[in-house]
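Examination of the molecular architecture
Next come the chains, spelled out residue by residue.
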Amino acid sequence: MPTLCRSLLAPLRLFLRQSLAVQVLEGLLAGLVVGLWLPPSVTQLLAPVGEGFLRLFQMPVLPFLSLSLIAGVGRLELSQAGRLLGRAALVLLLLWLLALLAVLLLPLGFPAWQDASLFRPSLLEAPKQLNLLELFIPVNPFEAFATTQIPAVVLFSLCLGIALIGVPARQNLISILDRLSDGLLAISAFVARFTPIGVFAILAGTTAQVSAAEIPRLGIYLFLQGGIVLLFTLVVLPQLIAACTPIGAGRLLRCFRTPLTIAFATANLFVVLPLLVEQGKRLIVEARIERHGGQTEAMPQSNRRAMEAELEAEVELPVEVLTPLALVFPDMGRLLSLAFVPFAGWLNGNPMPLAGVPEFLMT
């Protein structure tokens, strides 16, 4: 009996010794196989597991967004805030334009096909009108938190952070907000450990509901979406940064390959937030040292440490503020995922009309 137990536990021990990225990939593959092999009535039993995992993952996100934005802006001086936020806004708008351009171009890769179904119940429903004032300006901020109205939460948090700039002795409050943010990040990191189980349950339940006829069309979307993501990640963004800064594209990818892998495996940027901050500071400090006096490895140890300490203090605040702020707003990955909306219209034979594109992008 003990021998049998050890033989049964051996695969589990091997699985647990693997990295989280490998565990997640194995969970994805296992979910696909189970979803295709077992009938939907069985895989539906896994639906509560997948839904519970998603809820746990989403639970700390909105409080973290608000707290990090309030603390990040509140710790700045007024002159710093204007300069940093102004430049960050320009960079963010540029990245948004690149991502939305890719979203608009993606449907060009969809092959033409005719859907036999002419009647759709959704055509009988009047579309809900978009109220941008209601979406962005909260009358009751607590209601915006309760209904996950993210633009309103962001605007409220941004206004409160700017107001804190003029409040004396605000550092104690900002320190408390920082500690709360660290606690929320710890929750995300803990939930991330169960990502293999969560993605297995989600993929198994979702795959069981996909008919064989839809698989080739879904493959088209995954191929196009994945290709654009890889193009931006490995070519466009590194080359753009290399053109604007002294940091080369290859060096940038080598520095951030670990957080990129973890973020892909867990589908959660918050897990790698501390790593992004530390790697970003180190990369900028090394680039500044090289610009001032050659390679860091060639410098005397004492001089290198003194210069690193001085430059790290100079770049610490901008990096620690702008990194969580960048995660508050929609990143390029989330914007690229909007390509699923025109894909869903194409999949159902009801493509998005050209007149609906401006409202789609605004939303």
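In this report, we go over the structure that sits alongside the text. All values reported here derive from a predicted model rather than from experimental measurement.

This brings us to the overall build of the protein. Scanning the protein from N- to C-terminus turns up 18 helices and zero strands. The burial tally for the protein puts 32% of its 363 residues in the buried class. Sequence-distant contacts in the protein: of pairs separated by 6 or more residues, those separated by 24 or more amount to 79%. About 22000 Å² of surface is accessible on the protein, with carbon and sulfur atoms providing 70% of the total.

Taken together, the side chains of Leu132, Leu133, Phe136, Ile137, Leu155 and Met362 define a hydrophobic patch exposed on the protein surface, amounting to about 560 Å² of accessible area. Looking at which element gives the most residues to the nonpolar patch, the answer is helix H7 (residues 132-136), with three residues. By the secondary structure assignment, leucine 133 is in helix H7.

For serine 181, the location among the structural elements is in helix H10 (residues 171-192). Overall, serine 181 belongs to the buried group, its relative accessible area being 6%. In this view, serine 181 contacts Phe64, Leu67 and Ser68; residues no more than four positions away in its chain are not counted.

Our focus in this paragraph is the nonpolar core. With 18 residues, the main nonpolar core has Leu106, Phe110, Ile228, Phe232, Leu336 and Phe343 as its most contacted residues. Elements with a contribution of two residues or more to this core: helix H6 (78-105), helix H12 (215-244), helix H16 (332-336) and helix H17 (340-347). Judged by nonpolar contacts, the second largest core, of 15 residues, contains Leu69, Leu76, Ile165 and Val321.

Let's shift gears to the packing of aromatic side chains. Applying the stated criterion to the full structure yields seven aromatic pairs. Each ring, one from tyrosine 221 and one from phenylalanine 340, has its centre 5.4 Å from the other, and the planes form 75 degrees; the classification is edge-to-face. Within this pair, whereas tyrosine 221 is found in helix H12, its partner phenylalanine 340 is found in helix H17, the two being separated by 119 residues in sequence. The partly exposed category is assigned to phenylalanine 340, whose relative accessible area is 41%. Members of the aromatic cluster, connected to one another through ring pairs, are Tyr221, Phe340, Phe343 and Trp346.

It is worth spelling out H12 at this point. The first and last C-alpha atoms of H12 sit 42 Å apart over 30 residues, in line with the 44 Å expected at 1.5 Å per residue. Residues of H12 that are buried: Tyr221, Leu224, Gln225, Ile228, Phe232 and Pro238.

Moving on, we get to helix H4 (residues 47-58). In this model H4 runs 17 Å from its N-terminal to its C-terminal C-alpha over twelve residues, within 8% of the 16 Å that 1.5 Å per residue would give. For H4, the set of buried residues is Gly50, Phe53 and Phe57. The arc that holds every buried residue of H4, seen down its axis, measures 60 degrees, which confines them to one face. Summarising the geometry of H4, the exposed residues directed more than 90 degrees from the buried face are Pro48, Arg55 and Gln58.

Looking now at the packing of H12 against H17. Axis angle and axis distance: for two packed helices, these are the angle between their axes and the distance between the axes, and together they describe the pair. The N-to-C vectors of H12 and H17 enclose an angle of 155 degrees; their axes lie 11 Å apart at closest approach. With respect to each other, H12 and H17 are oriented roughly antiparallel. Where H12 crosses over H17, the handedness of that crossing is right-handed. In this structure, H12 contributes Arg217, Leu218, Ile220 and Tyr221 to the contact, and H17 contributes Phe340, Phe343, Trp346 and Leu347.

Take the side chain of glutamine 279 next. If you trace the backbone, glutamine 279 turns up in helix H14 (residues 273-293). Owing to a relative accessible area of 15%, glutamine 279 belongs among the buried residues under this scheme. Among the polar contacts listed, one links the side chain of glutamine 279 to the backbone oxygen of cysteine 255, at a separation of 2.7 Å.

We now examine the pattern of salt bridges. Following the criterion strictly, the structure yields eight salt bridges and no others. Across the salt bridge formed by arginine 251 and glutamate 286, the nearest N and O atoms sit 3.0 Å from each other. Here arginine 251, found in helix H13 (residues 249-266), pairs with glutamate 286, found in helix H14; they are 35 residues apart in sequence, far enough to count as distant. The network of salt bridges with shared partners includes Arg251, Arg282 and Glu286.

Conventions used here
- Residues numbered from 1 in each chain as written.
- Predicted model: local features only at pLDDT ≥ 70, side-chain atom pairs only at ≥ 80, totals over all residues.
- Heavy atoms only, no water.
- Helix = DSSP H or I, 4+ residues; strand = E, 2+ residues; numbered from the N terminus.
- Buried < 20%, exposed > 50% of the residue type's maximum accessible area, 1.4 Å probe, protein only.
- Contact = heavy atoms within 4.5 Å.
- Areas by Shrake-Rupley, 256 points an atom, 1.4 Å probe, with all protein chains shown as cover.
- Patch = residues over 30% accessible without salt bridge, like charges linked within 9 Å, V, L, I, M, F, W, Y side chains within 5 Å.
- Salt bridge = Lys/Arg side-chain N within 4 Å of Asp/Glu carboxyl O.
- Core = buried A, V, L, I, M, F, W, Y, C linked by side-chain atoms within 4.5 Å.
- Phe/Tyr/Trp six-rings, centres within 6.5 Å; stacked < 30°, edge-to-face > 60°.
- Expected span 1.5 Å × (residues − 1).
- Arc of directions from axis to C-beta.
- Axes fitted to C-alpha atoms, helices over the stretch in contact; angles between N-to-C directions.
- Parallel < 35°, antiparallel > 145°, perpendicular 65-115°, else oblique.
- Left-handed = near helix turned anticlockwise from the far one by under 90°.
- Polar contact = N/O pair within 3.5 Å; in protein donor to acceptor, adjacent residues only side chain to side chain.

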